[in-house]
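Below, each chain spelled out in residue letters.
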Amino acid sequence: EIPDISNDTGLISNIRNIKGTEFKSTGLHKFEGGDILFTRINPRISRVAMAPDIEIKNGVVSKEVFIIKLKENKYIKKQNQYILIQILQSEHVKNQIVRLSTGSSSSRARVQPENLLSDVFISVPDEKTQEEFSNKTYINAMSYWKISQKLLKDYEKIQTKLGTKINKDEIRRI
């Protein structure tokens, strides 16, 4: 389960390992490390991230999260796919997505899949810029993940030695 996707940067600091019997949701999407995750609930809070691909082979997220996989196309090459994270977080795209959301209140508003795919228009940078931004996005996400995991493991170890019962899988945010 991915409890912590930064609203501002889309970085993930922790992923909880939970057993199937602990799932409270009936509808889940399977994802793989390296997939792009887009939360469709409350689009004013732009949570778009890359699932870290070091420790994760497979995981699940609620159906409130879209798994975005780049199809072969003439605009963005597969090796530059993480430019999509930056594009989806841009003000221009975020404003379009917010206007497409439906729901009774802003905190419960949702984006429908058909609207996201057909009614959101994006500006695609040139290939050199895509490569630069995609690489930076990947490197930064993986660096943040490694540092976050070290911090959590050290925190758990220290607190345990001080007599506090703590499990890093129960920590939702750093």
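Look up a bit, the structure's there.
Student: Just to check I follow, could you spell out the overall build of the chain for this structure?
Tutor: Broken down by element type, the chain carries four helices and five strands. Its helices and strands in sequence order give the chain the pattern β-β-β-β-β-α-α-α-α, from N to C terminus. Looking at the chain residue by residue over its 174 residues, the buried ones come to 41%. Once local pairs closer than 6 in sequence are excluded, the contacts in the chain between residues at least 24 apart make up 69%.

Student: It is not clear to me how the environment of Arg16 should be interpreted in this structure. Could you clarify?
Tutor: Tracing the backbone shows Arg16 in the segment before β1 (28-32). Each C-alpha atom of the pair Arg16 and Asp4 lies 9.5 Å from the other, and the pair is 12 residues apart in sequence.

Student: Explain the pattern of salt bridges to me, please; I cannot follow it from the model alone.
Tutor: Close approach of charged atoms allows side chains with opposite charge to pair. On inspection of all chains with the given rule, the structure shows five salt bridges. A salt bridge links Lys69 to Glu32; the shortest N-O distance between them is 4.0 Å. Separated by 37 residues along the polypeptide, Lys69 in the loop between β5 (65-68) and α1 (83-89) and Glu32 in strand β1 bring together distant segments of the chain. Between Glu127 and Lys77 there is a salt bridge, and its shortest N-O distance comes to 2.7 Å. Separated by 50 residues along the polypeptide, Glu127 in helix α4 (residues 127-161) and Lys77 in the loop between β5 and α1 bring together distant segments of the chain. On the basis of relative accessible area, Glu127 is assigned to the partly exposed category, the value being 43%. If you follow the salt bridges from partner to partner, you end up with Glu32, Asp35 and Lys69 in one network.

Definitions and cut-offs
- Residues numbered from 1 in each chain as written.
- Predicted model: local features only at pLDDT ≥ 70, side-chain atom pairs only at ≥ 80, totals over all residues.
- Heavy atoms only, no water.
- Helix = DSSP H or I, 4+ residues; strand = E, 2+ residues; numbered from the N terminus.
- Buried < 20%, exposed > 50% of the residue type's maximum accessible area, 1.4 Å probe, protein only.
- Contact = heavy atoms within 4.5 Å.
- Salt bridge = Lys/Arg side-chain N within 4 Å of Asp/Glu carboxyl O.

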